[in-house]
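# Observations on the model geometry
One letter stands for each residue in the lines below.
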Amino acid sequence: MIATSRRLELKLLLSVAAAALLFPVAAMAHPSLVGANPAANASVPRTATITLSFSETLMPKLSGARLIMTGMPGMKNHPDMPMKAAASVGPDGKTIVVKAASPLPAGSYRVDWHVVSSDTHRITGSHAFSVR
Ligand SMILES: [Cu+2]
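Residues numbered from 1 in each chain as written. Predicted model: local features only at pLDDT ≥ 70, side-chain atom pairs only at ≥ 80, totals over all residues. Heavy atoms only, no water.

## Focus on the side chain of E56
The residue E56 is located in the loop between β3 (49-54) and β4 (64-71) in this model. Excluding residues within four positions of it along the chain, E56 makes contact with A29, H30, P31, G93, K94 and S117. (Helix = DSSP H or I, 4+ residues; strand = E, 2+ residues; numbered from the N terminus. Contact = heavy atoms within 4.5 Å.)

Rendered as structure tokens:
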């Protein structure tokens, strides 16, 4: 009897281990940037809103972005200049919406983003575009 229940126990453990190997991959994927408006390296008319779309549902409290002006027409060696902007995760849970306090003047910009999804790893990246 004891040997039989041990064998059953072992079988159960093995099937749990096999399931753990098969299923966590999709659930544990890191969020990646899959789209943005303005698009990467695009030159767009004046706008105050930038949206970044990710592949995973984000944790709003641990995800955000900073908007930085990196260049201005006619100015050499423009230092990184943080812009007044608010970033929040949109209603779909997968989008970061960055709203500048006012429409951005002509220049080049970079959005430094950080996101956390269900696997709890912090992923960072940056996204560049310009306003003409
Ligand atoms: Cu991760």
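## Some remarks on the coordination of the copper ion
Distances from the copper ion to its protein donors, H30 (NE2), D119 (OD) and H121 (ND1), fall at 1.7 to 1.9 Å. Mapping the donors of the copper ion onto the primary sequence gives the spacing H-x88-D-x1-H. A residue is classified by how much of its surface remains accessible, and H121, at 41% relative accessible area, is partly exposed. (Donors = N, O, S within 2.8 Å, 3.2 Å for Na, K, Ca; no water. Buried < 20%, exposed > 50% of the residue type's maximum accessible area, 1.4 Å probe, protein only.)

## Quick word on the nonpolar core
Counting 22 residues, the largest nonpolar core has I50, L67, I96, L104, Y109, V111 and F129 as the members making the most contacts within it. Put simply, the parts of the chain that give this core at least two residues each are β3, β4, β7 (95-100), β8 (107-116) and β9 (122-131). Apart from residues lying up to four places away in sequence, L67 is in contact with I50, M81, P82, M83, A85, V98, A100, L104, Y109, R110, V111 and F129. (Core = buried A, V, L, I, M, F, W, Y, C linked by side-chain atoms within 4.5 Å.)

## What to know about the pattern of salt bridges
This model, assessed by the stated rule, comprises two salt bridges. Between D80 and R110 there is a salt bridge; the shortest N-O distance is 3.2 Å. Note that D80 is positioned in the loop between β4 and β5 (81-82) and R110 in strand β8, a separation of 30 residues in sequence. Given the relative accessible area of 22%, R110 is considered partly exposed. Salt-bridge contacts for D112 lead to R110; the nearest nitrogen and oxygen are separated by 2.9 Å. Each of D80, R110 and D112 takes part in a single network of salt bridges with overlapping partners. (Salt bridge = Lys/Arg side-chain N within 4 Å of Asp/Glu carboxyl O.)

## Some words on the sheet that holds β7
Strand order in the open sheet formed by four strands is β1-β3-β7-β6, with antiparallel pairing between adjacent strands. Among the strands making up the open sheet, the edge pair consists of β1 (33-37) and β6 (85-89). On average, adjacent strands in this sheet sit at an angle of 15° to one another, irrespective of strand direction. In this structure, β3 lies alongside β7, joined through five bridges in antiparallel fashion. The partner of T51 across the bridge, within β7, is V97. (Pairing = 2+ DSSP bridges. Axes fitted to C-alpha atoms, helices over the stretch in contact; angles between N-to-C directions.)

## As for the sheet that holds β8
Reading across from one edge, β2-β9-β8-β4-β5 is the order of the five strands in this open sheet, with mixed pairing throughout. Of all strands in the sheet, those with a lone pairing partner are β2 (43-44) and β5, marking the two edges. Pairing analysis gives 10 bridges linking β8 to β9, with the strands arranged antiparallel. If you follow V111 over to β9, its bridge partner there is H127.

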